[in-house]
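# Analysis of the macromolecular model
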Amino acid sequence: MKTITVNLAPTLNERSYPIHVGSNLLSQPEFILPHLVQQRVAIISNTTVAPLYIEKLRSKLEGKGVASFPIILPDGEEYKNWQTLNLIFDALLANRCERNTAVLALGGGVIGDLAGFAAATYLRGVPFIQIPTTLLAQVDSSVGGKTGINHPLGKNMIGAFYQPRAVLADIETLDTLPDRELRAGIAEIIKYGLIRDLVFLEWIERNIQGMLARDAAILTEAVERSCANKADVVAADERESGVRALLNLGHTFGHAIENAMGYGVWLHGEAVAAGTMLAADLSHRMGMIERVDVKRIKDLYIQAELPVVPPNLGPETYLRLMGLDKKVEGGKLRLVLLKRIGDAVVRADVPPGMLIETLSLSESTAHA
Ligand SMILES: NC(=O)c1ccc[n+]([C@@H]2O[C@H](COP(=O)([O-])OP(=O)(O)OC[C@H]3O[C@@H](n4cnc5c(N)ncnc54)[C@H](O)[C@@H]3O)[C@@H](O)[C@H]2O)c1
Ligand SMILES: [Zn+2]
């Protein structure tokens, strides 16, 4: 088992927290106990994950004298909304949860984002622990403290920054994850390599087949190195006033794809892969990465069996949906682009004509 620490601003040092990555952590309540004030917790999960893992977690906690009650939500991105959030508040209130009652999120990014936002706002904040069970949640959404829900007019539009007390990434839970979800998580792993860690990217290129085959040692290393990257970025810029924006590589395009196709039709990671191909194409048009770099990125996604051709929505639809994205500041679109592989930059000076070329010729990325 490896532990990575998320170091938050020195004056706020008490908010730093550990990310434990390893096998069979669900059976090791000793990683949870130090973070509990009260010997009672709420476990938020969904109808898919709870039957697989909640009893194991509950019985191990019980064995250490910690009572728990489950809050089981419907499964799906379409439920990441205020109605579901309200179900959580109903259950927390009905069970008389107090300021010291910790909320545990057991599930993927949807559960983590919902449970985290509930924990941030219930009684103005209760202790929160992330137990991510998808690859995407283990490498990305469970770390860094972004929580929230979707609005019909935009994804993740309502939320709060709220850091967990700890993150437990149990690699064994990935055994039951559908292949398509595993691949979507790999898209976020590749993202860290592309934006800031060339050595990791090369490691991913060598180990992509091992990841797809769910080799536990390879997945553990992939999760660790991804979390280390995310922890670095979050420590440098918790509130996304600078470098944290680089984590959005491919996301402005990707969110437009998710939104246009209907939440849940394209998985988040799939939309990020296709969106990153657009970002790569635009980076090349703007004189940054070379055509061979665009091909290198595309080849890696193809190996990971991720989509590389964005849906042909037409530039107008893309621009309209990208205009709703949070990365628009003062009417100017800010996009994460690649200076080189392993080195990303935020640019607010993208010539509209070039962006439209990328969006209208998106199929050309397929032939790069
Ligand atoms: N907060 C952040 O910083 C951040 C970052 C990236 C993504 N996100 C959010 O995360 C969400 C996507 O997360 P996700 O990809 O984990 O999707 P998800 O939570 O919908 O999980 C994907 C599917 O896998 C199922 N599942 C989860 N764990 C399983 C397991 N171990 N075995 C079998 N099935 C399992 C889920 O029930 C669901 O059906 C999006 O809402 C996105 O906006 C948040
Ligand atoms: Zn993402």
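Data block above holds the structure.
Basis of the calculations
- Residues numbered from 1 in each chain as written.
- Chains lettered and ligands numbered in written order.
- Predicted model: local features only at pLDDT ≥ 70, side-chain atom pairs only at ≥ 80, totals over all residues.
- Heavy atoms only, no water.
- Axes fitted to C-alpha atoms, helices over the stretch in contact; angles between N-to-C directions.
- Helix = DSSP H or I, 4+ residues; strand = E, 2+ residues; numbered from the N terminus.
- Parallel < 35°, antiparallel > 145°, perpendicular 65-115°, else oblique.
- Left-handed = near helix turned anticlockwise from the far one by under 90°.
- Contact = heavy atoms within 4.5 Å.
- Phe/Tyr/Trp six-rings, centres within 6.5 Å; stacked < 30°, edge-to-face > 60°.
- Buried < 20%, exposed > 50% of the residue type's maximum accessible area, 1.4 Å probe, protein only.
- Lys NZ or Arg CZ within 6 Å of the ring centre and 35° of its normal.
- Pairing = 2+ DSSP bridges.
- 1 Å grid on protein atoms, 1.4 Å probe; cavity = no way out; pocket = protein on both sides within 12 Å on 5 of 7 lines; lining within 4 Å.
- Points joined across faces, edges and corners; volume = space filled by probe spheres on them.
- Nonpolar A, V, L, I, M, F, W, Y, C, P; charged D, E, K, R; others polar.
- Near = heavy atom within 4 Å.
- Polar contact = N/O pair within 3.5 Å; in protein donor to acceptor, adjacent residues only side chain to side chain.
- Donors = N, O, S within 2.8 Å, 3.2 Å for Na, K, Ca; no water.
- Salt bridge = Lys/Arg side-chain N within 4 Å of Asp/Glu carboxyl O.

Moving on, we come to the packing of helix α8 (residues 251-261) against helix α9 (residues 268-285). Where α8 contacts α9, the two axes come as close as 7 Å, and the packing angle between them is 130°. Between α8 and α9, the angle falls in the class oblique. Seen from above, α8 lies across α9 with right-handed handedness. Contact with α8, carried on its side by His251, Phe253, Gly254, His255, Ile257 and Glu258, involves His268, Ala271, Val272, Ala274, Gly275, Leu278, Ala279 and Leu282 of α9 and no other residues of that element.

As enumerated under the stated definition, the model contains one aromatic pair in all. Seen in terms of ring centroids, Phe200 and Trp203 are 5.8 Å apart; in terms of plane orientation they differ by 25°. Their pairing is stacked. Of this pair, Phe200 and Trp203 both sit in helix α6 (residues 198-212), three residues apart, roughly one helical turn. Judged by relative accessible area, which is 0%, Phe200 ranks as buried. Directly above the ring of Tyr192 sits Lys191, whose terminal nitrogen or CZ lies 5.3 Å from the centroid.

The pairing of strand β12 (residues 335-340) with strand β13 (residues 343-347) spans five bridges and is classified as antiparallel. When the sheet's bridge partners are listed, Leu335 is paired in β13 with Arg347. The loop that links β12 with its antiparallel partner β13 comprises two residues; one of these, Gly342, has a positive phi angle of about 95°.

Size it by volume and the second largest pocket reaches roughly 210 Å³. In terms of residue class, the lining of the second largest pocket is built from four nonpolar, three polar and five charged.

Within the structure, ligand 1 sits among 27 residues, and Asp75, Glu77, Thr133, Thr134 and Thr176 are positioned closest to it. In this structure, a nitrogen atom belonging to ligand 1 sits 2.9 Å away from a side-chain N or O atom of Asp113. One of the side-chain nitrogen or oxygen atoms of Asn156 is found 3.3 Å away from an oxygen atom of ligand 1. Among the elements of the structure, α1 (49-63), α3 (109-121), α4 (135-141) and β8 (154-161) are those that each provide at least two residues to the shell around ligand 1.

What follows covers the sheet that holds strand β6 (residues 128-132). What the seven strands build is an open sheet, ordered β1-β2-β9-β6-β5-β3-β4; its pairing is mixed. Every interior strand has two partners, whereas the edge strands, β1 (2-6) and β4 (67-73), have only one. Between one strand and the next, the sheet's axes are offset by a mean angle of 20°, whatever the strand orientation. As paired elements, β6 and strand β9 (residues 166-170) share two bridges and run parallel to each other. Residue pairing for β9: Gln130 is matched across the bridge by Val167. Docked against the sheet, α1 engages β3 (40-46), β4, β5 (102-107) and β6, running at close to 165° with respect to β3. In the packing of α3 onto the sheet, the strands contacted are β3, β4, β5 and β6, and the crossing angle to β5 comes to about 165°.

As a further point, take the coordination of the zinc ion (ligand 2). Around a metal, the idealised angle for a tetrahedral arrangement of four donor atoms is 109.5 degrees; for an octahedral arrangement of six donor atoms it is 90 or 180 degrees. Distances from the zinc ion (ligand 2) to its protein donors, Glu188 (OE), His251 (NE2) and His268 (NE2), fall at 1.9 to 2.1 Å. Read from N- to C-terminus, the donor residues coordinating the zinc ion (ligand 2) fall into the pattern E-x62-H-x16-H. Of this pair, Glu188 sits in helix α5 (residues 179-196) while His268 sits in helix α9, placing them 80 residues apart in sequence. Relative accessible area serves as the criterion here: at 0%, Glu188 is assigned to the buried category.

Attention now moves to the environment of Phe200. When the C-alpha atoms of Phe200 and Ala222 are compared, they prove to be 8.7 Å apart, with 22 residues separating the residues in sequence. Those residues in contact with Phe200 that sit more than four places away from it in its chain are Ile189, Tyr192, Gly193, Ala222, Arg225, Ser226 and Asn229.

The next subject is the pattern of salt bridges. Evaluated as defined, the whole model comprises 22 salt bridges. Close ionic contact of Arg180 with Glu270 constitutes a salt bridge, the shortest N to O distance being 2.6 Å. Of the two residues, Arg180 sits in helix α5 while Glu270 sits in helix α9, which places them 90 residues apart along the sequence. Where salt bridges share partners, they join Asp140, Glu188, Lys191 and Lys230 into one cluster.

Quick look at empty space enclosed by the protein now. In the structure shown here, the tally under the stated rule is two cavities of 30 Å³ or more. Put simply, the second largest cavity is a space of about 40 Å³. Lining of the second largest cavity is provided by Asn248, Leu249, Gly250, His251, Thr252, Phe253, Ala279, Leu335 and Val336. Broken down by secondary-structure element, the contributors of at least two residues to the lining of the second largest cavity are α8 and β12. Sorting elements by how many residues they give to the lining of the second largest cavity places α8 first, with three residues. Partitioned by chemical class, the residues of the lining of the second largest cavity number five nonpolar, four polar and no charged.

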